[in-house]
Amino acid sequence: GKTSATEQFMANFPAMSNAEIWKKIEVFLPGRERFALTTVSTDNEPLATTVDMVLDQDEKVLYVVSEKGTETLLHLRENPAVGAVRFKGWTVADGGKQEWRSVQIRGTAEMLDSSDPMFMELLKRYNLVRLTEERAVRRFDLIRITPKQIYYFDTELSADNLSPYQVWNRDPA
């Protein structure tokens, strides 16, 4: 989301181009990565859950495998708006060097069930573990998340006199 701190950093430091930010996002999300995914039902009940996502670098979308019948899928059928966060780095409890990176995604989701012609190809990209494709077809639906905007945060950007907050937009202004 937007905060006054984010806006201050962005106003006071140079921004990277959309293409440069996307390259950083690709490096940060090289494979199947753990995210917190947020959804909201039509009666404004929020839900946050952890999921694994896989980035399709060419289409600039992410894929999630979800058990059929979950509350997450119910929310998405009512309201396709999503938020997602991936964080990696320093915490106060861990100590050490104070570096961290994150992506905060705002976007929309669509469901693909096993009857979709792309389902099997996308399932293979997801790199299932401990489960056969046959069982996955019966158990899962795929969620395709199309980011509208991604906030990329990287403390190492400050060394280049850039804002640690960078914003990638699907449709740059």
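A quick note: this is a predicted structure, and the numbers were derived from the prediction, not measured. (Residues numbered from 1 in each chain as written. Predicted model: local features only at pLDDT ≥ 70, side-chain atom pairs only at ≥ 80, totals over all residues. Heavy atoms only, no water.)

K.L.:
I'd like to hear about the overall build of the protein chain, residue by residue, with values.
P.N.:
Helix and strand counts for the protein chain come out as 5 helices and 7 strands. Element order for the protein chain, N to C, with α for helix and β for strand: α-α-β-β-β-α-β-β-α-α-β-β. At 17 Å, the protein chain has a C-alpha radius of gyration in line with the 16 Å of a compact globule built from 173 residues. Taking the principal axes of its C-alpha atoms as reference, the protein chain extends roughly 50 × 35 × 35 Å. Classification of the 173 residues of the protein chain by burial places 40% in the buried group. By element, 50% of the accessible surface of the protein chain is carried by carbon and sulfur atoms, the whole surface being about 9,800 Å². Distance between charge centres in the protein chain, computed from 22 positive and 26 negative side chains, equals 3 Å. (Helix = DSSP H or I, 4+ residues; strand = E, 2+ residues; numbered from the N terminus. Rg over C-alpha atoms; globule rule 2.2 N^0.38 Å. Buried < 20%, exposed > 50% of the residue type's maximum accessible area, 1.4 Å probe, protein only. Areas by Shrake-Rupley, 256 points an atom, 1.4 Å probe, with all protein chains shown as cover. Lys, Arg positive; Asp, Glu negative; His and termini not counted. Charge placed at Lys NZ, Arg CZ, Asp CG, Glu CD.)

K.L.:
Quick one: what's the story with the packing of aromatic side chains, residue by residue and with numbers?
P.N.:
All told, the structure shown has 4 aromatic pairs when counted by the stated rule. With centroids separated by 4.9 Å and ring planes inclined at 45 degrees, the aromatic side chains of tryptophan 22 and tryptophan 168 adopt a geometry described as tilted. Taken as a pair, tryptophan 22 in helix α2 (residues 18-28) and tryptophan 168 in strand β7 (residues 165-169) lie far apart in primary sequence, 146 residues in all. An identical accessibility class is assigned to tryptophan 22 and tryptophan 168; each is buried. Taken together, a centroid distance of 6.4 Å and an interplanar angle of 75 degrees make the contact between phenylalanine 28 and tyrosine 152 edge-to-face. Residue phenylalanine 28 is found in helix α2, and its partner tyrosine 152 is found in strand β6 (residues 140-154); the two are separated by 124 residues along the sequence. Grouped by ring-pair contacts, the aromatic residues Trp100, Phe153 and Tyr165 constitute a single cluster. (Phe/Tyr/Trp six-rings, centres within 6.5 Å; stacked < 30°, edge-to-face > 60°.)

K.L.:
Can you break down the confidence of the model for the protein chain residue by residue, with the values?
P.N.:
Here the protein chain averages 88 in pLDDT, and 92% of its residues register 70 or above. α2 holds the highest mean pLDDT among the elements of the protein chain, 97, whereas helix α1 (residues 4-12) holds the lowest, 61. (pLDDT = per-residue confidence, 0-100.)

K.L.:
Mind laying out the nonpolar core, listing which residues take part and the relevant values?
P.N.:
Counting 27 residues, the largest nonpolar core has Ile25, Leu29, Phe35, Met53, Leu62, Val103 and Ile145 as the members making the most contacts within it. Mapped by element, the contributors of at least two residues to this core are α2, β1 (32-40), β2 (46-56), β3 (61-67), α3 (71-78), β4 (81-89), β5 (100-112) and β6. Counting residues in hydrophobic clusters, the runner-up holds 13 residues, among them Tyr63, Phe119, Leu123 and Tyr126. (Core = buried A, V, L, I, M, F, W, Y, C linked by side-chain atoms within 4.5 Å.)

K.L.:
Please provide a residue-by-residue account of the layout of surface pockets, values included.
P.N.:
Each pocket or cavity is described by its volume, and for the largest pocket that value is around 410 Å³. Together, 21 residues line the largest pocket, and Arg32, Val65, Glu67, Tyr126 and Phe140 are the ones closest to its centre. Elements that contribute at least two residues to the lining of the largest pocket include exactly β1, β2, β3 and β6. Split by residue class, the lining of the largest pocket holds 10 nonpolar, 5 polar and 6 charged. (1 Å grid on protein atoms, 1.4 Å probe; cavity = no way out; pocket = protein on both sides within 12 Å on 5 of 7 lines; lining within 4 Å. Points joined across faces, edges and corners; volume = space filled by probe spheres on them. Nonpolar A, V, L, I, M, F, W, Y, C, P; charged D, E, K, R; others polar.)

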